[in-house]
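The chain contents come next:
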There are 2 protein chains.
Amino acid sequence: MNGSSRLVVATHVLTVLAVVSDQRLSSEKLAWSLNTNPVVVRRLLGHLRDADLVISKRGPNGGFALARSPDDVSLYDIYEALEVDSLFTFHPNEPNEACPVGDNIQAILTETLKPAEKALTDELKTITIDDLSQQILERSATPIESVESADLGD
Amino acid sequence: MNGSSRLVVATHVLTVLAVVSDQRLSSEKLAWSLNTNPVVVRRLLGHLRDADLVISKRGPNGGFALARSPDDVSLYDIYEALEVDSLFTFHPNEPNEACPVGDNIQAILTETLKPAEKALTDELKTITIDDLSQQILERSATPIESVESADLGD
DNA sequence: CTAATTGTAACATCCATAGTTACAAATAGT
DNA sequence: ACTATTTGTAACTATGGATGTTACAATTAG
């Protein structure tokens, strides 16, 4: 999984859940904030549930809530939950083994890029959704209740 | 530009050029090492030419060569030349502005993720294609001449 | 003049992601 | 039990970006 907006989208959803604290929100309300389809939300949150970042409940008054305290959910946790294989993807075709560069470059790059990827993930570990949620509260003119009571149109 | 294999592919090509030092190689020979189509190579190298990483020459005995010393070309230079917008892409739809999270999350994330992206690019600056080319020479059983005299089949 | 080679446009193909529809499973309220 | 709500998930379609291909004009060495 790579190159998609899923890390950002997942972060958005979890930040909404952090902002409303322990209230459950339905996939429909979350989709409203993301401006997308409820099934997309359920699919994405399925991964986050498997990684114990959220809990879900079916039936009337069901929905999703954080499984942990917001200050215990870092962007790295989300990154990991989404199983981003690697930042750096290889060409669909295998390089030519008859070429000394083609025969070795992928193994060499994989090793060489590890510290770069680690530098990134180490930074992601320092950012929690609690940080993001607090920034939202500082900035936002709109009261938080607007999320809980959102008019979903029809 | 994002989420593609282009950084890896471009690095591969430039490493080939580093390994054969100042010799010019045609897009066909480079495509042979990459196991792809010559036009793909020409297109990609067009960006690297615009960024002054390679020079090209048309006509008989034309082709591509490095524009600078291999130890003066870092992976960050390539990253920059390819104009990777950002590591982190946003959802195709704008989030809902009526939601306090949707209205602010993108601006907040853009700022918050900058140090993470910088951590990555700082690491990329420390890796040059000269490093990679030396690793190839250490590992490779196949002699380098094989690239210059590659049998391109037909 | 010819052959080689880049530069680039135009189009086709492919693949991953996102969107949609549909429906079974679970559960709260009555 | 019945009904309404909501998740879980399969199956399919739509979209967009990247790659592959064909074609040909422009450049240049000999």
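Being a predicted model, the structure only gives us computed values, none of them experimental. (Residues numbered from 1 in each chain as written. Chains lettered and ligands numbered in written order. Predicted model: local features only at pLDDT ≥ 70, side-chain atom pairs only at ≥ 80, totals over all residues. Heavy atoms only, no water.)

Q: Any chance you could explain the protein's contact with DNA strand C here in plain terms?
A: The environment of DNA strand C is formed by 32 residues, the closest being Thr36 and Pro60 of chain A together with Ser27, Ser56 and Arg58 of chain B. Per the 4 Å cut-off to the protein, sugar and phosphate atoms form 61% of the nearby atoms of DNA strand C. Contact between DNA strand C and Arg43 of chain B: a base nitrogen at 3.3 Å from a side-chain N or O atom of the residue. Taken together, the elements giving at least two residues each to the surface near DNA strand C come down to helix 3 (38–50) of chain A together with helix 3 (38–50), strand 1 (54–57) and strand 2 (63–66) of chain B. Of the residues assigned to the surface near DNA strand C, the class counts are 7 nonpolar, 15 polar and 10 charged. (Near = heavy atom within 4 Å. Polar contact = N/O pair within 3.5 Å; in protein donor to acceptor, adjacent residues only side chain to side chain. Helix = DSSP H or I, 4+ residues; strand = E, 2+ residues; numbered from the N terminus. Nonpolar A, V, L, I, M, F, W, Y, C, P; charged D, E, K, R; others polar.)

Q: Is there a simple way to think about the layout of surface pockets in this case?
A: Sizing a probe to match a water molecule and rolling it over the atoms shows the empty space that remains. Residues and elements named next belong to chain A. In this model, the largest pocket occupies a volume close to 160 Å³. If you trace the largest pocket, you find it lined by Ser26, Ser27, Glu28, Arg42, Arg49, Ser56, Lys57, Arg58, Gly59, Gly62, Gly63 and Phe64. Sorting the residues of the lining of the largest pocket by element identifies helix 2 (27–34), helix 3, strand 1 (54–57) and strand 2 (63–66) as the ones contributing at least two each. Of the residues belonging to the lining of the largest pocket, the class tally is 1 nonpolar, 6 polar and 5 charged. (1 Å grid on protein atoms, 1.4 Å probe; cavity = no way out; pocket = protein on both sides within 12 Å on 5 of 7 lines; lining within 4 Å. Points joined across faces, edges and corners; volume = space filled by probe spheres on them.)

Q: What should I look at first to understand the nonpolar core in this one?
A: Considering soluble globular proteins, one finds that nonpolar side chains tend to be buried as a cluster. Core analysis: the largest hydrophobic core is formed by 94 residues, its most contacted members being Leu14, Leu48 and Ile78 of chain A together with Leu14, Leu48 and Ile78 of chain B. Look past the residues within four positions of Leu48 of chain A in its chain and what remains in contact with it is Ala10, Leu14, Leu53, Val54, Ile78, Ala81 and Leu82 of chain A. (Core = buried A, V, L, I, M, F, W, Y, C linked by side-chain atoms within 4.5 Å. Buried < 20%, exposed > 50% of the residue type's maximum accessible area, 1.4 Å probe, protein only. Contact = heavy atoms within 4.5 Å.)

Q: Would you take a moment to explain unusual backbone geometry for this structure?
A: The phi dihedral of Asn61 of chain A is positive, around 60 degrees, even though this residue is not glycine. As for its placement among the helices and strands, Asn61 of chain A is situated in the loop between strand 1 and strand 2. With relative accessibility at 68%, the residue Asn61 of chain A sits in the exposed group. Of note, the phi angle at Asn35 of chain B is positive, near 60 degrees, even though the residue is not glycine.

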